[in-house]
Amino acid sequence: MYIQVQLKDVLERIRAAEERCGRSAGSVRLVAVSKTFPAEDVARAVEAGQTVFGENRLQEAMEKMPLLPKGLEWHLIGPLQRNKVRKALQQGFALLHAVDSLRLAEAISRVAGELGVAAPILLEVNVDGEESKHGFSVEELRNEWDGIARLPHLDIRGLMAIPAPAESAEGVRPAFACLRHVRDELAARGPLPLPELSMGMSHDFEVAVEEGATMVRVGSLIFGKRDYAR
C-alpha cells in the first residue's frame, strides 16, 4: 500500500499548490519517475490510477515498458545520446524532456524526418549556468532559438530544467521563475506557443507548481529510496 498512499499524498499536494496560486485543478500533470524501480512497483502505481511515467535511461525503459499495460504514457526524462535517437523515437515516447543542445535537436529532426514522425520534445535549460550541467544556457537558447524553432519534424512543446540543489525548496524558486520567464520570452518571439514547463522534483515540486510548472517529475517520494545497485 506504500506506493498507493504516497501517490495519493503527492497528488493532493499538487492540487493544494494549484489552489494556493489560483491555478485550475488539473493544470499540472504528475510524471511518476520510475527509474531504477521494477515493473512491479510501476504496476502498483498504475493500479492506483497513475498513467504517466518517466524513465531516465533508454535501455531500462525498453526493458520495462513491454511488461506493463498498454496505453500508459512514457516520457524519457534523462539525457539522450545522438546515436540512440532512432531507438528512442521508435520506442514511441510521448515526450523527450532533455534535448540539451542544437546538435541533438538537429539529430532528432533528421531521424524523425526519416521515420516520418514529428518528435515531441522539450528543450533543457541550464538555468544556473553550471558548467557541469546539461542544457542550453539562457543566452545560448536566446541566440539559437530562431534556428531551433525552424527545424522540421520537431514538435517543440516547451522547456525543462533541473536546477542546482538548494538547502530548501524556496531556494530553488528563482531558478523556476527564470525558466518561466525564458519560456514566456521565446513564446512571445514565436512561432511556437511553448505551453509546457517541466520542472520540480520530489523535494521542490510544490514551489515549481507555484512558479508555473505544467509537469512535475516525482519519483522517490512515491516509490521510496532508490537502490542504484539494482
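Refer to the structure presented above.
Residues numbered from 1 in each chain as written. Predicted model: local features only at pLDDT ≥ 70, side-chain atom pairs only at ≥ 80, totals over all residues. Heavy atoms only, no water.

Mind showing me how you'd approach the nonpolar core here?
Within soluble globular proteins, side chains that are nonpolar generally end up buried alongside one another. Among the nonpolar cores identified, the biggest contains 66 residues, and Phe93, Ile108, Ile121, Leu123, Leu141, Val216 and Ile222 are the most heavily contacted of them. In this view, Ile108 contacts Leu80, Val85, Leu89, Leu96, Val99, Ala119, Ile121 and Leu154; residues no more than four positions away in its chain are not counted. Core analysis: the second largest hydrophobic core is formed by 7 residues, Val52, Leu95, Met160 and Met215 among them. (Core = buried A, V, L, I, M, F, W, Y, C linked by side-chain atoms within 4.5 Å. Buried < 20%, exposed > 50% of the residue type's maximum accessible area, 1.4 Å probe, protein only. Contact = heavy atoms within 4.5 Å.)

Where do I start with the packing of aromatic side chains in this structure?
The relation between two aromatic rings is expressed through the spacing of the ring centres and the mutual angle of the planes. Applying the stated criterion to the full structure yields 2 aromatic pairs. Measuring from centroid to centroid gives 5.6 Å for Phe53 and Trp74, while their planes differ by 35 degrees, and the two rings are tilted. Here Trp74 lies in strand S3 (residues 73-76) and Phe53 lies in strand S2 (residues 52-55), a separation of 21 residues in the sequence. Judged on exposure class, the residue Phe53 and its partner Trp74 are both buried. (Phe/Tyr/Trp six-rings, centres within 6.5 Å; stacked < 30°, edge-to-face > 60°. Helix = DSSP H or I, 4+ residues; strand = E, 2+ residues; numbered from the N terminus.)

Can you walk me through the pattern of salt bridges in this structure?
Close approach of charged atoms allows side chains of opposite charge to pair. Scanning all chains against the criterion turns up 20 salt bridges. Note that Glu18 and Arg15 form a salt bridge whose closest N and O atoms lie 3.3 Å from each other. Separated by 3 residues within a single helix, Glu18 and Arg15 lie in helix H1 (residues 2-20), roughly one turn from each other. Accessibility expressed as a relative area gives 0% for Glu18, which makes it buried. Of the charged contacts in the structure, one is a salt bridge between Lys64 and Glu60, with a shortest N-O distance of 2.9 Å. Placement of the pair is Lys64 and Glu60 together in helix H3 (residues 58-64), with a separation of 4 residues, close to one helical turn. By relative accessible area, which is 5% here, Lys64 ends up buried. You can call Glu60 buried: its relative accessible area is 16%. Via salt bridges that share partners, Arg20, Glu170, Arg173, Arg180, Glu210 and Glu211 belong to a single interconnected network. (Salt bridge = Lys/Arg side-chain N within 4 Å of Asp/Glu carboxyl O.)

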